[in-house]
Amino acid sequence: MKKLRRILLCLLAASLAVGWYLGYRAVNKWYEPLIRPDITVTYDMGEIVPIGPEPNVLHPDELDGYCYRVNSSQIVDTVAYLTENSLEDPWGGDWSIKPEKLLLVSVTVINDGNLKNDFNLFTLGVKGAMENADLANAINPELKGNTLSLALGEEATVTIPFELKKLTFSFRSWRRIEEYPFYLFCNTRNEDREDRIVPLT
């Protein structure tokens, strides 16, 4: 009986380890290799960050003319945030996929010269987290399918919610998640493009 119990415990531990690894890879696979020190430019919160002229992974054309400014960020408890703001649960109450915490990033997007494309919030990413588009649309009623339609010279401030799941971080990192070195970056597939990042902590 004790031997069977030990076997079951070993299988459980192995399953948890595999689950953590798969979760970590799923969250981070889009954002490698980052950061590249040789071509990384760091901006502070409050600074204007240009995006173009390189093509973006979500747009066949250029996003030249768009820029953004990070205003603030905070980490909140998911359930408490939904309750306090009377928001519907986009995960349908399923705790197997619901993140324990959210990283909320306030960003002002500015159309300073783009006449072609709308701005999809998936353009901006955070390594170690994934944006929840359903929640973003609930928080920001001006969005249409996670996209901002800005005329030339217009700007809009939105809050982008990124999911923080305990399984995708080490035990030590999760205990001090408020101090984790998150940064916002432009999600591009152009390997020659300089990486423009904004530290969030």
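Our structure is the block above this text.
Below: a short report on this structure.

**Description of the pattern of salt bridges**
Tallied over the full model, the rule gives three salt bridges. Lys98 is the partner of Asp89 in a salt bridge, and the nearest nitrogen-oxygen pair spans 2.6 Å. Here Arg176 and Glu179 are joined by a salt bridge, their closest N and O atoms 2.8 Å apart.

**Describing the sheet that holds strand E7 (residues 130–131)**
Read from one edge to the other, the open sheet built from five strands follows the order E2-E3-E4-E9-E7, with strand pairing classed as antiparallel. Looking along the sheet, the strands with just one partner apiece sit at the ends: strand E2 (48–50) and E7. Pairing analysis gives ten bridges linking strand E4 (residues 101–111) to strand E9 (residues 155–164), with the strands arranged antiparallel. Residue pairing for E9: Ile110 is matched across the bridge by Glu155.

**Notes on the pairing of E4**
E4 sits mainly inside the fold: ten of its eleven residues count as buried. Across eleven bridges, the pairing between strand E3 (residues 66–77) and E4 is antiparallel. Across the sheet, Asp77 pairs through a bridge with Lys101, a residue of E4.

**Here's the deal with the pairing of strand E11 (residues 195–199)**
Burial runs high along E11: four of the five residues are buried. Here strand E1 (residues 40–42) runs beside E11; their pairing, made up of three bridges, is parallel. From the neighbouring strand, Val41 faces E11, where its bridge partner is Arg196. Relative to E11, strand E10 (residues 183–186) runs antiparallel, the two sharing three bridges. Paired with Phe185 across the two strands is Ile197, which belongs to E11.

**Things to note about unusual backbone geometry**
One non-glycine residue, Ser86, lies in the positive phi region at around 50°. The topology assignment puts Ser86 in the loop between helix H2 (78–84) and E4. By relative accessible area, Ser86 is classed as exposed at 68%. Residues other than glycine seldom take positive phi values, yet Asn146 does so here, at roughly 70°. Its place among the elements puts Asn146 in the loop between helix H3 (133–139) and strand E8 (147–148).

**Some details on the sheet that holds E10**
Strand order in the open sheet made by the four strands is E1-E11-E10-E6, with mixed pairing throughout. Lying at the two open borders of the sheet, with one neighbouring strand each, are E1 and strand E6 (124–126). Geometrically, the sheet is characterised by an average inter-axis angle of 30° between neighbouring strands, direction not taken into account.

**Side note on the packing of aromatic side chains**
Counted by the stated rule, this structure contains six aromatic pairs. Seen in terms of ring centroids, Phe169 and Tyr180 are 5.2 Å apart; in terms of plane orientation they differ by 85°. Their pairing is edge-to-face. Here Phe169, found in the loop between E9 and helix H4 (171–175), pairs with Tyr180, found in the loop between H4 and E10; they are eleven residues apart in sequence, far enough to count as distant. By relative accessible area, which is 6% here, Phe169 ends up buried. Aromatic pair Tyr183 and Phe185: ring centres 6.2 Å apart, planes at 50°, arrangement tilted. Phe185 carries the same exposure label as Tyr183, and that label is buried.

**What to know about the side chain of Thr147**
Assignment of secondary structure puts Thr147 in strand E8. The contact partners of Thr147, leaving out residues within four places of it in the chain, are Asp118, Phe119, Asn120 and Glu142.

**Re the nonpolar core**
Judged by nonpolar contacts, the single largest core of 34 residues is most densely connected at Tyr68, Leu103, Val107, Leu148, Leu164, Phe182 and Leu184. Secondary structure elements with two or more residues in this core: E3, E4, E6, E9 and E10. The element that contributes the greatest number of residues to this core is E9, accounting for five residues. Val76, Trp91, Leu104 and Leu135 belong to the second-largest nonpolar core, a separate cluster that totals nine residues.

Conventions we followed
- Residues numbered from 1 in each chain as written.
- Predicted model: local features only at pLDDT ≥ 70, side-chain atom pairs only at ≥ 80, totals over all residues.
- Heavy atoms only, no water.
- Salt bridge = Lys/Arg side-chain N within 4 Å of Asp/Glu carboxyl O.
- Pairing = 2+ DSSP bridges.
- Helix = DSSP H or I, 4+ residues; strand = E, 2+ residues; numbered from the N terminus.
- Buried < 20%, exposed > 50% of the residue type's maximum accessible area, 1.4 Å probe, protein only.
- Axes fitted to C-alpha atoms, helices over the stretch in contact; angles between N-to-C directions.
- Phe/Tyr/Trp six-rings, centres within 6.5 Å; stacked < 30°, edge-to-face > 60°.
- Contact = heavy atoms within 4.5 Å.
- Core = buried A, V, L, I, M, F, W, Y, C linked by side-chain atoms within 4.5 Å.

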